[in-house]
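One letter stands for each residue in the lines below.
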Amino acid sequence: MKNIPALDPKVLDLVTEISKEPKVEAAMAFIKDQTEVAMQEQIELCEIEAPTFHEEKRAASVAERMKQYGLTDVHIDEIGNVIGIRKGTGSGPVLAVGAHMDSVFPAGTDVKVKKEGNIYRAPGIGDNCSGLRALLQVLRAMEKEDIRTVGDIWVVGTVGEEGNGDSAAPSTSAPTTNWTALLPSTVPTSAASFTAQSALTAGV
């Protein structure tokens, strides 16, 4: 692929160092071993239709899985985003990771997944059930190997990314979650909306 910016050497060095941690190595091995489990989860989510503005059923499934995988304070906000928190051990920086739950396909679309060899076909199987699968797969691995972070991690399933949704969830003009209330006291209130928006738009 062309025009991909070079990875900052400092970032690469840090990722390389972290990847050598025994628990991280074990988590990566777990992810590899759990490929079929993760794929099944991707199929299950895909077969719950979730057109933009009507993500409720898929959101409920995502919320239940977040609870199963160790998140606390799991809730669905006023516009439908699913938010769960993986508490840190101290007062480190907050990290938000997200994947959108809605699909570009309208209500009534046949979302039954069909397997052809190693290929899975269905409307929305890739965009964005693959992102949701990855999000949940990482959670399972971190929980399995008891990987703890100093700062909290917010895990978010967002709504309204496709089409006329116009990425509603992280938009500062939308009546979204009160991110300030979720931030630890060490984060300036004035940075709350910027921090949340930047983190969410950098998600899957």
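Draft legend 1. Main features of the confidence of the model for the protein. Taken over all residues, the pLDDT of the protein has a mean of 84, while the share at 70 or more is 80%. Within the protein, the lowest mean pLDDT, 36, falls on helix α7 (residues 192-201), and the highest, 98, falls on helix α4 (residues 56-68). Contacts for the low-pLDDT stretch residues 171-204, under 50 throughout, to residues beyond four places or in other chains number 43 contacts.

Draft legend 2. Local environment of a nonpolar patch on the surface. A grouping of Leu-7, Val-11, Leu-12 and Val-15 is seen on the molecular surface, where their side chains present a nonpolar patch of about 340 Å² in accessible area. As for its position among the elements, Leu-12 is in helix α1 (residues 9-19). Residue Leu-12 is classed as partly exposed on the basis of its relative accessible area of 42%.

Draft legend 3. Local environment of the pairing of strand β2 (residues 82-86). The element β2 is largely enclosed, with a buried count of five among its five residues. Of the two faces of β2, the one lined by Val-82, Gly-84 and Arg-86 and the one lined by Ile-83 and Ile-85 are each fully buried. Across three bridges, strand β1 (residues 72-76) lies against β2 in antiparallel orientation. Directly across from Ile-76, in β2, lies its bridge partner Val-82. Hairpin connection between β1 and β2: a loop of five residues separates the two successive antiparallel strands, and Gly-80 in this loop has a positive phi of roughly 110°. One ladder, built from five bridges, connects β2 with strand β6 (residues 153-158); its direction is antiparallel. Bridge pairing in β6 places Ile-83 opposite Val-156.

Each value, and the rule that gives it
- Residues numbered from 1 in each chain as written.
- Predicted model: local features only at pLDDT ≥ 70, side-chain atom pairs only at ≥ 80, totals over all residues.
- Heavy atoms only, no water.
- pLDDT = per-residue confidence, 0-100.
- Helix = DSSP H or I, 4+ residues; strand = E, 2+ residues; numbered from the N terminus.
- Contact = heavy atoms within 4.5 Å.
- Patch = residues over 30% accessible without salt bridge, like charges linked within 9 Å, V, L, I, M, F, W, Y side chains within 5 Å.
- Areas by Shrake-Rupley, 256 points an atom, 1.4 Å probe, with all protein chains shown as cover.
- Salt bridge = Lys/Arg side-chain N within 4 Å of Asp/Glu carboxyl O.
- Buried < 20%, exposed > 50% of the residue type's maximum accessible area, 1.4 Å probe, protein only.
- Pairing = 2+ DSSP bridges.

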